[in-house]
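Observations on the three-dimensional arrangement
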Amino acid sequence: MAGKKAIAICQLGGVFKTLDDGSLSYEGGDAHAIDIDENSKYSDFEMEVAEMFNCSPNFMSIKYFLPGNRKTLITISNDKDLQRMMKFHGDSSSIDVYVMMEEVVPDVSNMPASRSSRTTLSEAGLLTDPTPCVLDDDMDEISPRVLLDSTFDIPNDLANLNDEIPIIPPSPSPSLPLTISLPPTPKHTKAAQQWQNNITGVGQRFNTVTDFRDALRKYSIAHQFAYKYKKNDSHRVTVRCKSDGCPWRIHASRLSTTQLICIKKMNPTHTCEGSIVKTGHQATRSWVAGVIKEKLKVSPNYKPKDIVTDIKEQYGVQLNYFQAWRGKEIAKEQLQGSYKEAYGQLPYFCDQIMETNPGSRVTFNTKDDSSFHRLFLSFHASLYGFQHCRPLIFLGSVPLKSKYQGTLLAATAPDGNDEVFPVAFAVVDAVSDDNWRWFLEQIKAALTTCHGITFVADRETGIKEAVCGVFREENVHHAYCLRSLSDQLIRDLTGKFSHEVKRLIVDDFYAAAYAMKPDDFQKCIESIKSISVEAYNWVIESEPVHWANAFFLGARYNHMTSNFGEIFYNWASDANELPITQMVDTIRSKIMELIYNRRAGSNHWLTRLTPVSSERLEKESIKVCALQVFNSGEQFEVRGDSIEIVDINNYDCSCKGWQITGLPCCHAIAVIGCLGRDPYDYCARYFTVESYRLTYSESVNPIPREEKVMAEGFSRAIVTVTPPPTRRPPGRPPSKKVGMHETNKRQLQCSRCKGTGHNKSTCKEFMLT
């Protein structure tokens, strides 16, 4: 480092913008170069920067980025910091340095003042800018507007503020009094100070009327007053202070032969106390959206109540909850795109999916009034991969929280390692029997074959009838979700049962479902009968042929519940507040990432079976040492805790474990070992690493999302799609369904008589004694 020199590129006046990856980009401003070396002193460097930009070093903050890290700015405040910056940049010949101006807010809250004195600011010899200020009546603080012709005592400390208050020539209008803008008190925060000079006076020009209105709004917030329009159209704006009798006025109109808006008249004098702190009239929804947009990008869960607090602290503006909520909605739309326009872009978006992912199935329907009805999507990678998964599909639904509500229907399958594999999904306007039937029709049309598929879903009438109707000619089965059945069983019980008793009923119900043989099933439901005849009758009438292993005719591979696709539902929940095209694209990117990661992960596997399958087979192999095998000809008899018959040629064991799971049970492994064969040869192909890799061999491709391209596609769209008529109701959604939880409440139990429905204080038996 001896003798190292560099050029510091000092920049001032620009703005930092946050990029998609979280890094910062600096745009605009002026730049000057300064030579520095390892022996440079910070004080000399600071003074040279201040002289170069003609500013006070007291208000400067000098910062830089570490090489390769443009997310965090490092501050230079002494010689060691300057030397570290030189070391960090190694052999770099130039270093980007950013100069930021900070405003010092003097503590004037305890300044004495008296309206009885006749000493004026002009007598104190202080020149001012045209913005008037007024002392508050309670004399405890100085508001941002002090009228020059009002009189008060000038404290001795004010004479020391000459270096901190910028000296600005008075207004050119001879009729205006000489005024001064004092620095805001701590009550009026720094965030609004940057807008104090948004309006400078007569002759100031703006590109559009919108720009002028925006500058005026920020100016009023910075100076804490409210205003109202007298004239407001596309070429002229006239505004006066909202307080009666206050002379503040401003008029701007279009310059002839141009589109520029110029301030033609302005009276900057205020005699009012302002009202914006209490009312926040000038804080429009669009203004709130602009203020919170950057933070909302980083924190999507930014709550309206936090917005109210932050804007009060940063800008001195008091919002109500609904102003903050509406501002957040506008900011979300600005960041994410319009919900309404997203529906209009849907036809073009679907074409883009088909173009980038050939072989996929994408279709949507509209109603007679062109409003959105439903959208189905299954990528080619999912359709191809499902051919190498077990013929088992889990159906589920997720309510969406977007502006126009709706529901996401999902179809998932287990891969060879018992992980979730997404097959298809749909967005529908509501959960209905018709939409479920349509969803299954699209799945049937997308798959090459549906023979032998088992659908695991709730025992809803719509799903049950849809499965039977759509797949009437195929050998398809419908397995009821065990969890939803047990919940329904508890809700339907009318007897008074304690929480513990209900838990025992559910445990016996699950044991009956997992039982392999009818005799074992019967033992479990007899146990339920000993607790409650009502529960026993409910189980018998619940069609065990659709949920009990002992009677189910299809193959569900011991998957008893339909909540297998939780990860898929979490994706949908994370994206369901986005416009429909962005929500679908977010789910697409999640599927794309999942397929790539699992494909890459499986490249390191060295076994014939997937890790989960290998572990299960090993657990069954451990049990073999306690078994005895007897050859009876074509079949084998295996003795252990029970006597089972194994048919190797038909992949069958009387315990039914082999048929249900697809992996050899301990009895089959014992016979296979006696024959000198490999148990891996008798495992279903779905559990092999080869099938797993084929499941994830195809890729989901990205979809171009340029806004210009989408807009052009929207304009060329032949089919018009408008949002569905259903919209999210106002107010906070209910946190729970009362009817669902009331039946699960724990029953009161008396500690004296052990009865239910009352406690010891209301026990009638105790009162009688």
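Residues numbered from 1 in each chain as written. Predicted model: local features only at pLDDT ≥ 70, side-chain atom pairs only at ≥ 80, totals over all residues. Heavy atoms only, no water.

**With respect to the UniProt feature "domain: SWIM-type" (unreviewed entry) in the chain**
- The feature "domain: SWIM-type" (unreviewed entry), as annotated in UniProt, sits at residues 644-676 in this numbering.
- Within the segment residues 644-676, helix and strand shares are 42% and 18% respectively, and the terminal C-alpha atoms sit 20 Å apart. (UniProt positions renumbered as here; feature names shortened; annotations may be inferred. Helix = DSSP H or I, 4+ residues; strand = E, 2+ residues; numbered from the N terminus.)

**As for the packing of helix α7 (residues 304-315) against helix α8 (residues 321-336)**
- It is the contact of α7 with α8, at a shortest axis distance of 8 Å, that shows an interaxial angle of 105°. With respect to their mutual orientation, α7 and α8 come out roughly perpendicular. For the pair α7 and α8, the contacting residues are Pro304, Lys305, Ile307 and Val308 in the first and Tyr321, Ala324, Trp325 and Lys328 in the second.
- Within the contact of α7 with α8, the residues separate by chemical class into six nonpolar, no polar and two charged. (Axes fitted to C-alpha atoms, helices over the stretch in contact; angles between N-to-C directions. Parallel < 35°, antiparallel > 145°, perpendicular 65-115°, else oblique. Contact = heavy atoms within 4.5 Å. Nonpolar A, V, L, I, M, F, W, Y, C, P; charged D, E, K, R; others polar.)

**Focus on the side chain of Ser613**
- Tracing the chain through its elements places Ser613 in helix α20 (residues 611-622).
- Judged by relative accessible area, Ser613 falls into the buried class, the value being 1%.
- Only 3.2 Å separates the side chain of Ser613 from the backbone oxygen of Gly416, close enough to count as a polar contact.
- Ignoring anything within four residues of it in the chain, the contact list for Ser613 reads Gly416, Leu663 and Phe687. (Buried < 20%, exposed > 50% of the residue type's maximum accessible area, 1.4 Å probe, protein only. Polar contact = N/O pair within 3.5 Å; in protein donor to acceptor, adjacent residues only side chain to side chain.)

**A few points about the pairing of strand β14 (residues 261-267)**
- Relative to β14, strand β10 (residues 205-206) runs antiparallel, the two being bridged by two bridges. Among the inter-strand pairings, Arg205 is bridged to a residue of β14, identified as Cys262.
- Of the strand pairs in this sheet, strand β13 (residues 249-254) and β14 are connected by six bridges, and their pairing is antiparallel. Counterpart to Ser253 in the pairing with β14 is Cys262.
- Hairpin connection, β13 to β14: the antiparallel pair is bridged by six residues, and Thr257 has positive phi, about 65°. (Pairing = 2+ DSSP bridges.)

**Looking at the environment of Ser25**
- Mapped onto the fold, Ser25 is located in strand β3 (residues 24-27).
- Between the C-alpha atoms of Ser25 and Arg70, which are 45 residues apart in sequence, the distance is 7.9 Å.
- Beyond its immediate stretch of four places on either side in the chain, Ser25 contacts Val15, Phe16, Lys17 and Leu19.

**Quick look at the sheet that holds strand β12 (residues 236-241)**
- The antiparallel open sheet is built from five strands, whose spatial order is β10-β14-β13-β12-β11. In this open sheet, the two strands that pair with only one neighbour each are β10 and β11 (227-232).
- Running at roughly 160° to β11, helix α4 (residues 209-223) makes contact with β10, β11, β12, β13 and β14 of the sheet.

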